[in-house]
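# Inside the fold
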Amino acid sequence: MSVSNFCYNQVHSSSHIAELSPLCIRHFKENSDNIFEKRLQSSWTKRTMFQKGSAFQQELNNRGIVQFERKDFVEKRDTNDTTISNSNSIDKNKNEEKKKPNFKELFKDPPQVKLMADGWPDKDIYDPAKDKMYWWRNDPVLNQHHEHWHITMPSGVYNGTSKDREGENFIYMHRHMLARYDADRWCLGIPPVNPLVDYVHPIPEAFYPPPFLSQSMDGRPDGVRVPFPARPPNQVFRDIVTTGDDNTESVFAVKDLTNILDEIEIWIDGKTDQVHPSKLNLTDDEATSLGGDIEVVLHNIGHNMLGYIMHPYTLNAAPSVLVGARAGTRDPLFWRWHRHIDNIYVKWQNLLGPRNFSDDMPPVTIREKDLILSFTDILLDVNKDGVNDTWVKYANEKFGGKYFDKDLSNHPVVTKTLQTKMKIRDYVWLEDGQDHEKIQYLYPRDWIWFIRAQNDSPNPVTLTFRIWIAPIDFIDKHAYWIEIDKFKRTLGPYEKTVVSQKCDNAVVIRKPAQKTTKQMDDTAITPWQKDKLDRLNFAQIAEKVFCDCGWPYNMIIPRGSKTGSTFKLFVYVSDGTNDLVRTDTQCGSVLLCGGEKWTDKVPDIKPFGYPFDRPFKDGSFHKTFQGMKNVAHTDITIKWVEDFPEV
C-alpha cells in the first residue's frame, strides 16, 4: 500500500488527530496533501465534528498540517436533517503565503552516539570487552551460516515448487541457534533470552555494531559502502515506511503487526478468519504451513520494524543489522525477537501434546554405560591406523566382545568431559572493507562418538542414531535441546557391536569441517562473489551456496565454563528403514539446510527436531523416555580450558 493511500485510510477512519500515526502526520506536512478537505466535505464529518466547534480542523491548523481557510460553522437545524452552513467570517490570514511546517522538530531520529577513534562509543556507554556474549554473536562463521541459510532456503516458489518443508525448517534452524545461544549464556550464568513480546514499551538495551561492519545501499555509487547505524536505547516500535525495488513506498504499521500476531494465535487455537480461512489441524503435516506463515508475515515485518526503529519515518535511510540476514545475529535484539517467534510455534506444539513413540521403537538395546567418548588425539596415540575405519575395529576389541557389558568410565582412552578453548586470529572483513582485526573464536577438541548397541531380533536392523545435548537445568524444556548429529548403521541378527562417528563428520555442521582460518573464510560472500550470484535466479543461487550452509564446526558444542558445565547427553535410536536419513557424506548440512537441489526432499521424514519436537509427558524429560530400550542418556561435562592438542 502506498503511503498516501495508507494515510488517507487513516484519515477516513479517524475522528481525532491523535489517532493518526506519526508517519501520516509527517507525510501530510511534507506533501501538503489536502485529503483532509475531502473528509471535511463529508456529511458524516460535518455531523460528528463540526457541531463541536471544528476541533479536528483546529488541531490540523495548530499542527501546521493543512492551511485551510478558517471558517466559523453555524449549525442550522432542520426538522428532517442537520446541515451546516458557513458564516462570512474569513480567516485574516487567508491570502497569506502558507507557512512551511517545521516538521523536523516534531520528527527527530534519535541522535547517534559520538564514536571514538576506535569506532566504538565511549566505554561508559558501551564496552564490547564487557559484553560476555560478544564473541559468540559476532563469530564470522556463525553469521555466514545464518546468511547462507536464508539464501539456501528462501520462502519463494520457483517453477511452481518451493523448497521442501521450508517453513518448518525456518522454525527449526532458528530454534537450533537459540538453543545454542542460551546454552552458552547458561554456561556463563546468564539467564535465557527474554522474548520480545511487547510491541509497545521502550526496548531498554542498545546495540552498537562493530566499526568495520558496512553495507551497500541503493542509490549509492558501486563499491561505496556505509556503516550500519547504532540502535540507541529505549526505542519503541513505530509505523515505518520503506521504498521497494520498484520505488514504491510501503507502510508497516504497529497495529498491523499486533493484528498479525493475534490472527496467527487464533489460527493456532483452531479457529478461522478471512486471513486464515482453512483450519490449522493438530498434525505434523501442518508444520510447514504454520512456520511459513509466521516467517513471511510476522517475522519479516517485525525484522523490518526493528531494523528501522531508529528512523522509522525516513526514506532511504541506512537500516540496522536487523534488516537482512548477513549480520542480524550480532544484535542481542535478534535473539529476543526470535525467542518470541519460537514461543508462538511452541504454543502449537504444546497443543499437539506429548509424542507416542510406540511406533518407533526398533528391537535394539542401548544403555547409559554404552555411551562412550574419546578424544581423537589420544586415539591416534594408541592406534594411528584407527583413523582408516574411525577406530571401529579398535573399539570392538577394547569396548566390545568380552568388555561389552563392562562400565568403561575409567578406561584410559574414555572421557566424560569434552573440552573447548578460545583462539585468536587475524580476521579480514572480506564482505566489507577488507579491514584487519584480531578476534577471539571458540574451538573444540576433536572427539569420536562410540555407542555400543545390541540387536535383539533374529533379523538385520537398520538404525538411525540421533545425538542430542542440553544444559542440565534445561532438560525439561523440549525447545532447548541441541541436535548434534544423526547417522545410520545396520546391525546383523542378534549382533552386539560398537558403532562410531567422528565429530567433524556431524550432520549439523558445514562439511568439510572448517578447522583452519582459511576454511573459515571460504564461506564469506565477498562483493565480487555477490556480483556473480546476482546474475542468477534465486533457485540457482540457493543451489550454488548450499555447500557453504551449515553450523560452524568451531562452535559444534557450547564453550562450557572454566570449572566445567554439566550437560545431558541423549541418544535416541530410531527405525532407520523408515526415516530415510542419508549415510553418504557430502558438503553443507542436510540437517539444517535441507536438500542440495531445489527439488530435493529433506532427507528425514521425521519432523524437524524429532524426538524433541513435542512437549514432554507431564513436563518431564525422564517420564517421557523412561523404560525405552532404544534410548540412553548420561551426564557429561563441557569444560573451557587453556589449550589441548589439535588434529
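Residues numbered from 1 in each chain as written. Predicted model: local features only at pLDDT ≥ 70, side-chain atom pairs only at ≥ 80, totals over all residues. Heavy atoms only, no water.

Definition in use: UniProt positions are given in the numbering used here, feature names are shortened, and annotations may be inferred rather than shown by experiment.
Going by what an unreviewed UniProt entry lists, the protein is known as Phenoloxidase subunit 1 and is assigned to Rhizophagus clarus. You can read under Subcellular location (unreviewed entry) in the UniProt record for the protein the words "Secreted".

### Observations regarding unusual backbone geometry
The criterion, for reference: We count a stretch as a helix when DSSP gives it H or I for four or more residues in a row; a strand needs E for two or more, and each element gets its number in order from the N terminus. Per-residue accessibility, obtained with a 1.4 Å probe over protein chains only, is compared with the maximum for each type, and a residue is labelled buried under 20%, exposed over 50%, and partly exposed between these values.
Cis peptide bonds are those with omega within 30 degrees of zero, and the linkage from Lys-511 to Pro-512 qualifies with 0°. Residue Pro-611 is bonded to the preceding Tyr-610 through a cis peptide linkage, with omega at 5°. Tracing the backbone shows Pro-611 in the loop between α19 (590-593) and α20 (621-625). In the Ramachandran plot, Arg-165 falls in the positive-phi region, its phi being about 55° despite a non-glycine side chain. Counting through the fold element by element, Arg-165 comes out in the loop between β4 (161-162) and α9 (166-187). Phi at Tyr-494 takes a positive value of approximately 55°, unusual for a residue other than glycine. Relative to the assigned elements, Tyr-494 resides in the loop between β15 (482-491) and β16 (496-502). Exposure remark for Tyr-494: the relative accessible area of 51% places this residue in the exposed category.

### Re the state of the cysteines
Short version of the rule: When the sulfur atoms of two cysteines come within 2.5 Å, that pair is taken as a disulfide.
For the coordinates displayed, the defined rule picks out two disulfides. Each sulfur of the disulfide joining Cys-547 and Cys-587 lies 1.8 Å from the other. Of the two residues, Cys-547 is situated in the loop between α17 (538-545) and β17 (565-575) and Cys-587 in the loop between α18 (576-579) and α19; the sequence distance between them amounts to 40 residues. Judged by its relative accessible area of 24%, Cys-547 is partly exposed. Overall, the relative accessible area of 18% leaves Cys-587 in the buried class. Through a disulfide, Cys-549 is tied to Cys-593; the S-S separation comes to 2.1 Å. Measuring the twist about the S-S bond at about -80°, one finds the Cys-549-Cys-593 disulfide to be left-handed. Here Cys-549, found in the loop between α17 and β17, pairs with Cys-593, found in helix α19; they are 44 residues apart in sequence, far enough to count as distant.

### Section: helix α8 (residues 140-152)
The line we're drawing: For a helix, the expected span equals 1.5 Å multiplied by the number of residues minus one.
Look at α8: 18 Å from first C-alpha to last across 13 residues, which is about the 18 Å you get at 1.5 Å a residue. For α8, the buried fraction is high: 11 of the 13 residues fall into the buried class.

### A word on the packing of α8 against α17
We count it as follows: Every axis corresponds to a line fitted to the C-alpha atoms, with the helix fit spanning only the stretch in contact, and the corresponding angles, defined between N-to-C directions, vary from 0 to 180 degrees. For classification purposes, angles smaller than 35 degrees are called roughly parallel, those larger than 145 roughly antiparallel, those between 65 and 115 roughly perpendicular, and all remaining angles oblique. Whether two residues are in contact is decided by their heavy atoms: any pair within 4.5 Å suffices. Each residue gets one label: Ala, Val, Leu, Ile, Met, Phe, Trp, Tyr, Cys and Pro are nonpolar, Asp, Glu, Lys and Arg are charged, and the others, such as Gly, are polar.
At their nearest, the axes of α8 and α17 sit 8 Å apart, and the two run at 140° to each other. In terms of orientation, α8 and α17 fall into the oblique class. When α8 is examined against α17, the residues His-148, Ile-151 and Thr-152 are found in contact with a partner set consisting of Ile-541, Ala-542 and Val-545. Each residue belonging to the contact of α8 with α17 can be placed in one class, and the counts come to four nonpolar, two polar and no charged.

### Topic: the pattern of salt bridges
To be explicit about the condition: When a carboxyl oxygen of Asp or Glu lies within 4 Å of a side-chain nitrogen of Lys or Arg, that pair is called a salt bridge.
Within the structure shown, the criterion is met by 37 salt bridges. Between Asp-284 and Arg-355 there is a salt bridge, with its nearest N and O atoms 3.1 Å apart. Taken as a pair, Asp-284 in the loop between α10 (254-268) and α11 (287-307) and Arg-355 in the loop between α12 (332-352) and β9 (364-365) lie far apart in primary sequence, 71 residues in all. For Arg-355, a relative accessible area of 17% corresponds to the buried category.

### Considerations on the sheet that holds strand β11 (residues 417-428)
So the rule is basically this: Paired strands are those between which DSSP finds at least two bridges.
Spatially, β12-β11-β18-β17-β14-β15 is the arrangement adopted by the six strands of the open sheet, whose pairing is mixed. Two strands in the sheet have a free side with no partner beyond their single neighbour: β12 (436-444) and β15. The mean inter-strand angle of the sheet, taken between neighbouring strand axes irrespective of direction, is 30°. Here eight bridges tie β17 to strand β18 (residues 631-640), and the two strands are oriented antiparallel to one another. Bridging across to β18, Phe-570 finds its partner in His-633.

### A few points about α10
Counted only if it meets this: Along the arc lie the directions from the helix axis toward the C-beta atoms.
Along its 15 residues, α10 runs 21 Å from first to last C-alpha, staying within 8% of the 21 Å computed at 1.5 Å per residue. Every buried residue of α10 is accounted for by Val-254, Leu-257, Ile-260, Leu-261, Ile-264, Trp-267 and Ile-268. The buried residues of α10 occupy an angular sector of 150° when the element is viewed end-on, so they sit on one face. Looking at the buried positions of α10, the neighbouring elements they touch are β8 (249-252), α11 and α12.

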